[in-house]
Structures are given as C-alpha cells and as structure tokens.
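Each chain, written out:
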Amino acid sequence: MLKLKDVSKFYYNKGLIATGFTKINLELKMGEFVVITGESGSGKSTLLNVLSGLDSYEEGEMYINGEETSHYTERDFEDYRRKYIANIFQSFNLVNSYTVYQNVELVLLLNGYKKSQVKQKVLDMIEKVGLTEFKNTKVSKLSGGQKQRVAIARAMIKETPIIVADEPTGNLDSASSKDVIELLKKVAKDRLVIVVTHNIEQVEEYATRIIKMHDGRIIENKEIRKVDIPEKVEESKYTKITTANKYRLGIRNTFNIVPKFLLLFAVFLFITVALLSEYASFRQTEYEANKAGYNVFFRDLSEERIIIKKKDKTAFTRRRLR
Ligand code: ADP
Ligand code: MG
C-alpha cells in the first residue's frame, strides 16, 4: 500500500536547513496496525505528515499503491488525502459547538452526500463507537475519551483505506487511552492503521509492527504479527460538496453558537447605527449650512436666482471648482 525508498524530509528556513527525517525505508500493507514510537523531536509527526500527503518530501520516492509520487503536485496530494487518508489528532480537532451527530455527519456532507442519505449511516457509526446516548450532546460537554471516540467515528465514516493517528491518546488518562486503542483496532479491521504513541505497553497487544525512531532515522522496525490479508484497496468514494449542503452548513455555523450569533448581531447593529447617525449628522450640517446661505457650489441661494444647466449635464468649463 505504502512504500518509502530512501525518503528524506528537509525544512528550509531562512537559509537554515533542518532535517525532519533522513533516508527512511519502509513498506506498510493493508491490515497492518503500525505503531511508531521515539522521543520527542525524532521525526514521528513529520513522517506521518509525509505518509498522509500533508507534507512534501525532498529526496527518495514514496509509492502509493505502487504508483510513484515524487512528481505529485499539491492537488494530487489533496486528491490522495481525500481518497486514502483519515486523520485522528491528539487534540481531537472536532467542531465543539456541534453535536456528536453533526460532527460525524459533517464528513459526509463535505464529501458530497445528501443529508437525506446519511442519517442511518451516521447513527450506525455512532453506535459502533458506543456513543448512541450522546448523539445529540454537544462535543464540548464530552470527556476526552469520548471526544476521541467521536474523532474515530469521524475518521471511520470516511471509509478510507488508511487511518493515521498522531498521539491520539496524548491527552487521555491511561484507562481511556486503552479504550481508544482497543476501539481503533476493532473498527479499523482490514485497513492500514498508523499510530504514534509513547505508551508501547498499551498498544503491544494490538500492534502488528513497531517502529522506533531516533534522530530522524528508523532504528528498529519489527513485525510482531504476520498480517495475511489480500492487498485489497478500496478508495473512499467522494464528490464535491453539494450547494444545498454548503448553505445548510453556513446557516448551521451562523446560528449554532447562540452567544456568538448574538455578539455578531450586536456588532452588526452597532456599526449600522453608527453609520446611519454619521450620515444623518452630515445631512443635518449640510442643511444648516444651506439655511445659513453657505453652499460650496452656489453662493447665491435667493429664491429668484436663475439656474442654467446644459442638456447633457456636463460642466460649462473644463476647470474644476476650487
Ligand atoms: P516528533 O513528532 O517525533 O516529536 P517532529 O516530526 O515534530 O518530531 O520533528 C522532527 C524534527 O523536525 C525536529 O528536529 C523538528 O525540530 C523538525 N521540524 C519539524 N517541523 C518543522 C518545521 N516546520 N520547520 C523546521 N523544522 C521542523
Ligand atoms: Mg510529534
């Protein structure tokens, strides 16, 4: 599924070159549960980002399903991410003002499904991660472990062959960490799962391969269980978001946080009132000035004055009034 040959990642910053990782060789198959460990700064996140097409690489070749990617443009990688990759993050990255249901539904709406098609699918997925009783609860009210379950549901419903998780248990206590890893293993059966974590004990039971990184290199790559499933890769089916859903989400985002909406509305009112009163006082001044006989264009405001205009309303002289 994924193969890296002498791949290196460099960061170029104000004339300084920093190394993300160097000369990585790696082959990962469908059905594997890959655990990456190593101290902070050893290049784990950088490696995940390259594997999931979030970041480019500068040297070597990465193969996706046998296809070379060194010529890929940003667009190609975007396409790759849509079809192949679902991410889970340490900080969950959920929409806190949405309910559990809305968070999971969002993925499908963004991927072109119609609202009427997705209901059962979303409910089934919420059931799978054991959150049915919280389906209408706002995510901000959930515990860390529950939030990560929502994130897993969201990742799974995208139906991509690869799930990438960067320290998904980094913000969780050890009991919820265990739950989350167990759930991930259970729901991601035949997919390729790549997880970064510091707690090897928690994942040892499930991992099929453990990779240790140090200083941008892989210092250990151990296959601890054989995975023997045929390499069957099914891309996530997606299209563009429908227009109806774009509006639906726009409206949802405007109204779903009541204080935010009220605040925005107050700011809007304030600006409107300020502009209107500014305009009114401008008109007032003008009116007063007129009454006092002062006018920048016509100094003579007597009732009997004669005004002459050209038919086409152009000026009589080319010179501008000063
Ligand atoms: P880990 O996830 O294992 O803690 P990272 O992959 O985040 O490590 O970082 C690996 C190395 O790459 C570190 O030395 C880090 O300083 C460097 N690095 C990461 N991101 C950047 C960046 N955007 N610019 C420059 N250097 C970076
Ligand atoms: Mg990291």
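Throughout what follows, the structure given in this document is the object of discussion. (Residues numbered from 1 in each chain as written. Chains lettered and ligands numbered in written order. Predicted model: local features only at pLDDT ≥ 70, side-chain atom pairs only at ≥ 80, totals over all residues. Heavy atoms only, no water.)

Before going further, it helps to examine helix α4 (residues 115–128). Between its first and last C-alpha, α4 extends 20 Å over 14 residues, near the 20 Å set by a 1.5 Å rise per residue. Against the buried residues of α4 lie α3 (100–110) and α5 (144–157). (Helix = DSSP H or I, 4+ residues; strand = E, 2+ residues; numbered from the N terminus. Expected span 1.5 Å × (residues − 1). Contact = heavy atoms within 4.5 Å.)

Turning next to the packing of aromatic side chains. The geometry of an aromatic ring pair is captured by the separation of the ring centres together with the interplanar angle, meaning the angle of the planes. Using the criterion set out here, one finds six aromatic pairs in the structure. By the ring-pair criterion, three or more aromatic residues cluster together here, those being Tyr72, Phe77, Tyr80 and Tyr84. The ring of Tyr63 has Lys3 lying over it, and the distance from NZ or CZ to the ring centre is 5.6 Å. Above the plane of the ring of Phe316 lies Lys310, whose end atom (NZ or CZ) is 5.9 Å from the centre. (Phe/Tyr/Trp six-rings, centres within 6.5 Å; stacked < 30°, edge-to-face > 60°. Lys NZ or Arg CZ within 6 Å of the ring centre and 35° of its normal.)

Turning our attention to the pairing of strand β2 (residues 16–28). Examined bridge by bridge, strand β1 (residues 2–13) and β2 share nine bridges and lie antiparallel to one another. Across the sheet, the residue bridging to Lys3 is Glu27, located in β2. Between β1 and β2, which pair antiparallel in sequence order, lie two residues; one of them, Lys14, sits at a positive phi of approximately 45°. (Pairing = 2+ DSSP bridges.)

To continue, consider the packing of α3 against helix α8 (residues 243–255). At a minimum axis distance of 10 Å, the contact between α3 and α8 shows a crossing angle of 150°. Classified by the interaxial angle, the pair formed by α3 and α8 is roughly antiparallel. Once α3 is placed against α8, the crossing between them reads as left-handed. For the pair α3 and α8, the contacting residues are Gln102, Glu105, Leu106, Leu109 and Leu110 in the first and Asn245, Leu249 and Arg252 in the second. Residue composition of the contact of α3 with α8, grouped by class: four nonpolar, two polar and two charged. (Axes fitted to C-alpha atoms, helices over the stretch in contact; angles between N-to-C directions. Parallel < 35°, antiparallel > 145°, perpendicular 65-115°, else oblique. Left-handed = near helix turned anticlockwise from the far one by under 90°. Nonpolar A, V, L, I, M, F, W, Y, C, P; charged D, E, K, R; others polar.)

By the element assignment, Arg191 lies in the loop between α6 (174–187) and β8 (192–196). Despite its burial, Arg191 pairs with no opposite charge; the closest candidate is Glu159, at 5.6 Å N-O. Within the local environment of Arg191, its side chain forms a polar contact with the backbone oxygen of Met156, the two atoms lying 3.4 Å apart. Other than its neighbours up to four places away in sequence, Arg191 contacts Met30, Gly31, Glu32, Ala155, Met156, Glu159, Thr160, Pro161 and Ile163. (Buried < 20%, exposed > 50% of the residue type's maximum accessible area, 1.4 Å probe, protein only. Lys, Arg positive; Asp, Glu negative; His and termini not counted. Salt bridge = Lys/Arg side-chain N within 4 Å of Asp/Glu carboxyl O. Polar contact = N/O pair within 3.5 Å; in protein donor to acceptor, adjacent residues only side chain to side chain.)

Strand order in the open sheet formed by six strands is β6-β7-β8-β3-β9-β10, with mixed pairing between adjacent strands. Of all the strands in the sheet, just β6 (85–89) and β10 (217–223) have a single pairing partner and so form its edges. Sheet twist, expressed as the mean angle between neighbouring strand axes with direction ignored, is 15°. Strand direction decides the pairing type here: strand β3 (residues 33–37) and β8, joined by four bridges, are parallel. Among the inter-strand pairings, Ile36 is bridged to a residue of β8, identified as Val196. Where helix α2 (residues 74–84) meets the sheet, its contacts fall on β6 and β7 (162–166), and the angle it forms with β6 comes to roughly 80°.

Of note, the phi angle at Asp6 is positive, near 50°, even though the residue is not glycine. Inspection of the secondary structure assignment puts Asp6 in strand β1. Phi is positive for Asn93, close to 50°, though the residue is something other than glycine. Relative to the helices and strands, Asn93 resides in the loop between β6 and α3. Residue Asn93 is classed as partly exposed on the basis of its relative accessible area of 40%.

This brings us to the site of ligand 1. With respect to spatial proximity, 13 residues lie near ligand 1, and among them Gly41, Gly43, Lys44, Ser45 and Thr46 are the closest. For ligand 1, an oxygen atom lies 2.6 Å from a polar atom in the backbone of Gly41. The separation between an oxygen atom of ligand 1 and a polar side-chain atom of Thr46 is 2.5 Å. Relative to its unbound accessible area of 560 Å², ligand 1 is 61% covered by the protein chains. (Near = heavy atom within 4 Å. Areas by Shrake-Rupley, 256 points an atom, 1.4 Å probe, with all protein chains shown as cover.)

Bringing the side chain of Arg209 into the picture now. Mapped onto the fold, Arg209 is located in strand β9 (residues 209–214). Within the structure, Arg209 has its side chain in polar contact with the side chain of Asn221 (distance 2.9 Å).

Next up on the list: the nonpolar core. Of all hydrophobic cores here, the largest spans 42 residues; its most connected members are Phe33, Ile88, Val122, Ile152 and Leu184. With seven residues, α5 is the single largest residue contributor to this core. Discounting residues that sit within four places of it in the chain, Phe33 has contacts with Ile181, Leu184, Lys185, Val193, Val195, Tyr206, Ala207, Thr208 and Arg209. By size, the runner-up hydrophobic cluster in this structure holds 30 residues, among which are Val7, Leu28, Leu51 and Val164. (Core = buried A, V, L, I, M, F, W, Y, C linked by side-chain atoms within 4.5 Å.)

Attention now moves to the packing of α4 against α5. The relative placement of two packed helices comes down to the angle between their axes together with the axis-to-axis distance. Where α4 contacts α5, the two axes come as close as 9 Å, and the packing angle between them is 135°. In terms of their interaxial angle, α4 and α5 are classed as oblique. Two packed elements cross with a definite hand, and for α4 against α5 that hand is right-handed. From α4, Lys121, Val122 and Met125 reach across to α5, where they touch Ala153, Met156 and Ile157.

No statement about biological role is implied by the geometric values presented.
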